[in-house]
Amino acid sequence: MSRAGLYAHIPFCLTRCGYCDFNTYAGLGHLSAPYVEALRGEAALAAASWSDVEFTSVFFGGGTPTTLPADELLRLLGHFRQTYQIDPGAEITSELNPDTVDPVYLRTLLDGGITRLSMGVQSFDPAVLESLERLHSPDSARRAFAAARRAGFANVNVDLIYGAHGESLESWGSTLRDAAELDPEHLSCYALTIEPATPLGRKVAAGLTPAPDPDLQAEMYGLACQVLSAAGYGHYEVSNWARPGFECVHNRGYWEGRPYLGLGAGAHSYRAGRRWWNVRPPQQYMSEVAAGRLPRGGEERLTDDERRLERLLLGLRLSDGVPVAWVDEARAEGFVADGLAERRGERVVLTDRGMLLANELVLALAG
Ligand code: SF4
């Protein structure tokens, strides 16, 4: 039986952060109950096609899943368990924003079967949080983290973003040290990217805010590698660090090319070289499901070459790299000589410096 990941998209947020390009909406909280109903409906409609699969992870992402009442989120999980074969030991993650949770809420999630939290902290510098238009403060992030521990969560991820306007290397260094001091099991560090269709993208295009400086972001990435490795974290994917045994099962599935089913507005799915996605507006998504139709927005079938390139790109992002047989060996030797890659037995892996250039190197290595 093949293994897969299950993703459920909750497209509600308290406010929209200026840099965010996700399919998420502020002010639609009144739709949460019918939206959850639609998720249950879509799960049922998709069930027959996924009956031969065991799900080893469930991921509630968004948006902000914790804008839903805890019992609503857990009822959804219960419905997924009835509808699909979910490994009893599956990793079950919920994303959260620090300002949306309290100890009772978190305890309810843990008791109801959520095994992992992924917390959007982004920075411990108030000026950087303001520049990112985040609602929470460094203290509320610390309080939410402490509440997660008090509730009993033993697997917590902290998400950080680097390169916002006004963030210095020193400020990023303190954010990294503050995050490591909390001692989460997992950290994700993402470079801020400017998406043209966002308010921040429009400000950058109008010259009102500078775009992130790529050289500074490269230094920040190097600092993350240094600080987190000194704090004992393994760098197992370009943007992800974990204590041994706490690598994210769900995201690892994406990087290893395993199938995944995405439920919810705009969610993407993948299986056997075919990728498809749902319509994005929540209201349209709900109407499609209410009419008994799978809410398809589109689909594509990858060619063999596209699949090979994608497998290479995703594989090289991981610290265990890819088999030498997958790459142009002469080019790989060149990257080894330049300190961008290493040969480990019959595998090629990128160094920290190489990971920074992963996309460019992959195109060369694909031959
Ligand atoms: S909280 Fe997260 S998902 Fe919501 S708007 Fe901000 S960045 Fe986007």
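All values reported here derive from a predicted model rather than from experimental measurement.

A separate point is the overall build of the protein. Secondary structure assignment for the protein yields 14 helices and 17 strands. A globule of 367 residues ought to have a C-alpha radius of gyration of about 21 Å, and the protein, at 21 Å, matches this closely. By its C-alpha atoms, the protein is 60 × 45 × 45 Å across when sized along the principal axes. Looking at the protein as a whole, 52% of its 367 residues qualify as buried. Across the protein, contacts joining residues at least 24 apart in sequence account for 70% of those joining residues at least 6 apart. Accessible surface for the protein amounts to roughly 15700 Å². Of this, 53% is attributable to carbon and sulfur atoms. Taken as two groups, the 34 positive and 47 negative side-chain charges of the protein have centres that lie 5 Å from each other.

Attention shifts here to the side chain of Ser123. The topology assignment puts Ser123 in the loop between β6 (116–122) and α4 (126–131). Residue Ser123 is classed as buried on the basis of its relative accessible area, which comes to 0%. Polar side-chain contacts of Ser123 include one of 3.3 Å to the side chain of Thr175. Setting aside anything within four residues of it in sequence, one finds Ser123 in contact with Val128, Leu129, Leu160, Glu167 and Thr175.

The next subject is the pairing of strand β7 (residues 156–162). Strand residues, when the strand is regular, have side chains that alternate between the two faces of the sheet. Within β7, seven of the seven residues are buried, which leaves it mostly tucked inside the rest of the structure. Here β7 shows two buried faces, one formed by Val156, Val158, Leu160 and Tyr162 and the other by Asn157, Asp159 and Ile161. Pairing analysis gives six bridges linking β7 to strand β8 (residues 186–191), with the strands arranged parallel. Residue pairing across strands places Asn157 opposite His186, the latter belonging to β8. Following the chain from β7 across helix α6 (residues 169–182) to the adjacent parallel β8, one finds a crossover that is right-handed.

Moving on, we come to the domain arrangement of the protein. Taken as a whole, the protein is organised into domain 1 (2–255) and domain 2 (305–365). Each of domain 1 and domain 2 has a C-alpha centre, and these two points are 28 Å apart. Domain 1 puts eleven residues into the contact, and the matching count from domain 2 is ten residues. Between domain 1 and domain 2, roughly 980 Å² of surface is buried when both sides are summed, and carbon and sulfur atoms account for 58% of that area. Of all residues in domain 1, Tyr221, Val238 and Trp255 bury the most surface against domain 2, accounting for 45% of the area lost on that side. The interface formed by domain 1 and domain 2 holds two salt bridges in total.

This part takes up the nonpolar core. Among the nonpolar cores identified, the biggest contains 92 residues, and Phe60, Phe80, Tyr84 and Leu106 are the most heavily contacted of them. When residues of this core are assigned to their parent elements, the largest contribution, seven residues, is made by helix α8 (residues 214–230). There are two domains that each give this core at least three residues, and those are domain 1 (2–255) and domain 2 (305–365). Dropping the residues within four chain positions of it, Phe60 is found in contact with Ala8, Pro65, Leu73, Leu76, Leu77, Phe80, Ile92, Thr93, Ser94, Glu95 and Ile114. Grouped together as the second largest cluster of nonpolar side chains are nine residues, Val128, Leu132, Ile161 and Leu192 included.

Below, the discussion takes up a positive patch on the surface. A surface patch of positive charge is lined by Arg301, Arg307, Arg308 and Arg311. If you tally residues by element for the positive patch, the top one is helix α11 (residues 304–316), at three residues. Within the secondary structure, Arg311 sits in helix α11.

There is about 160 Å³ of room inside the second largest pocket. Residue lining of the second largest pocket: 16 residues in total, with Ser131, Leu132, His165, Leu200 and Thr209 positioned closest to the centre.

With that settled, the discussion passes to the packing of α11 against helix α14 (residues 358–365). The N-to-C vectors of α11 and α14 enclose an angle of 135 degrees; their axes lie 10 Å apart at closest approach. Considered as vectors, α11 and α14 are oriented oblique to each other. Crossing geometry of α11 relative to α14 is assigned as right-handed. Contacts from Leu309, Leu312, Leu313 and Leu316 in α11 reach Asn359, Val362, Leu363 and Leu365 in α14. Classifying every residue of the contact of α11 with α14 gives seven nonpolar, one polar and no charged.

Bringing the packing of aromatic side chains into the picture now. Under the defined criterion, the tally for this structure stands at twelve aromatic pairs. Between the aromatic rings of Tyr236 and Trp255, the centroid separation amounts to 6.0 Å while the plane-to-plane angle is 65 degrees, which identifies the pairing as edge-to-face. Placement of the pair is Tyr236 in strand β9 (residues 234–237) and Trp255 in helix α9 (residues 249–255), with a sequence separation of 19 residues. Given the relative accessible area of 4%, Tyr236 is considered buried. Ring-pair connections join several aromatic residues into one group, and the members of that group are Trp50, Phe55, Tyr84 and Trp276.

A word on the site of the ligand. Around the ligand, the neighbouring residues are Cys13, Thr15, Arg16, Cys17, Tyr19, Cys20, Phe22, Thr24, Gly63, Asn97 and Arg134. Its residues placed into classes, the shell around the ligand shows five nonpolar, four polar and two charged.

Criteria and thresholds
Residues numbered from 1 in each chain as written. Predicted model: local features only at pLDDT ≥ 70, side-chain atom pairs only at ≥ 80, totals over all residues. Heavy atoms only, no water. Helix = DSSP H or I, 4+ residues; strand = E, 2+ residues; numbered from the N terminus. Rg over C-alpha atoms; globule rule 2.2 N^0.38 Å. Buried < 20%, exposed > 50% of the residue type's maximum accessible area, 1.4 Å probe, protein only. Contact = heavy atoms within 4.5 Å. Areas by Shrake-Rupley, 256 points an atom, 1.4 Å probe, with all protein chains shown as cover. Lys, Arg positive; Asp, Glu negative; His and termini not counted. Charge placed at Lys NZ, Arg CZ, Asp CG, Glu CD. Polar contact = N/O pair within 3.5 Å; in protein donor to acceptor, adjacent residues only side chain to side chain. Pairing = 2+ DSSP bridges. Right-handed = clockwise from strand over helix to strand, strands pointing away. Domains from an automatic or database assignment. Buried area = accessible area lost by both parts, 1.4 Å probe. Salt bridge = Lys/Arg side-chain N within 4 Å of Asp/Glu carboxyl O. Core = buried A, V, L, I, M, F, W, Y, C linked by side-chain atoms within 4.5 Å. Patch = residues over 30% accessible without salt bridge, like charges linked within 9 Å, V, L, I, M, F, W, Y side chains within 5 Å. 1 Å grid on protein atoms, 1.4 Å probe; cavity = no way out; pocket = protein on both sides within 12 Å on 5 of 7 lines; lining within 4 Å. Points joined across faces, edges and corners; volume = space filled by probe spheres on them. Axes fitted to C-alpha atoms, helices over the stretch in contact; angles between N-to-C directions. Parallel < 35°, antiparallel > 145°, perpendicular 65-115°, else oblique. Left-handed = near helix turned anticlockwise from the far one by under 90°. Nonpolar A, V, L, I, M, F, W, Y, C, P; charged D, E, K, R; others polar. Phe/Tyr/Trp six-rings, centres within 6.5 Å; stacked < 30°, edge-to-face > 60°. Near = heavy atom within 4 Å.

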